[in-house]
Amino acid sequence: MFDKAKDKAEEIAGKGQEEFGRATGDNALHLEGKLRKRAAQASYSVNDCIDQIKEKTASDPIPALLIASGVGFLLAKIIGHRRR
């Protein structure tokens, strides 16, 4: 919950910085604000996706365990194959 509020505050700050750069004609500040806003939006989306994965894993852990063990098996094969 704290991450979402932090991301929203960053998004608002980025938008303000972007608009201030536009108003003053400072292209660097405008671009920095735009990037800051987009980074906050991306972070918000990632956190939302992680929350959905946590909920799905908590409600049905068997598929999550099977996927995790499959990924572990593949990583072991890849890493073991490279060491030879």
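A brief look at the structure comes next. (Residues numbered from 1 in each chain as written. Predicted model: local features only at pLDDT ≥ 70, side-chain atom pairs only at ≥ 80, totals over all residues. Heavy atoms only, no water.)

With that out of the way, let us pick up the pattern of salt bridges. This model, assessed by the stated rule, comprises six salt bridges. Across the pair K8 and E11 runs a salt bridge, and its minimum N-O distance is 3.4 Å. Residue K8 and its partner E11 are both found in helix 1 (residues 2–24); the two are separated by three residues, about one turn of the helix. Taking relative accessible area as the criterion, E11 reaches 19% and is therefore assigned buried. Put simply, E10 and R36 hold a salt bridge, and the shortest N to O gap is 2.8 Å. (Salt bridge = Lys/Arg side-chain N within 4 Å of Asp/Glu carboxyl O. Helix = DSSP H or I, 4+ residues; strand = E, 2+ residues; numbered from the N terminus. Buried < 20%, exposed > 50% of the residue type's maximum accessible area, 1.4 Å probe, protein only.)

Turning to the side chain of N47, a few remarks are in order. Looking at the secondary structure, you find N47 in helix 2 (residues 27–59). What makes N47 buried here is its relative accessible area of 17%. The contacts of N47, once residues within four sequence positions are left out, are D3 and D7. (Contact = heavy atoms within 4.5 Å.)

The next subject is the environment of K8. On the accessibility criterion, K8 (43% relative accessible area) is partly exposed. For the pair K8 and Q41, spaced 33 residues apart in sequence, the C-alpha to C-alpha distance is 7.7 Å.

For helix 2, spanning 33 residues, the distance from its first C-alpha to its last is 48 Å, which sits close to the expected 48 Å at 1.5 Å a residue. By the burial criterion, the buried members of helix 2 are H30, G33, K37, A40 and N47. If you follow the buried residues of helix 2, they end up packed against helix 1. If you check the start of helix 2, you find a side-chain oxygen 3.3 Å away from the backbone N of A28, and it comes from D26. (Expected span 1.5 Å × (residues − 1). Polar contact = N/O pair within 3.5 Å; in protein donor to acceptor, adjacent residues only side chain to side chain.)

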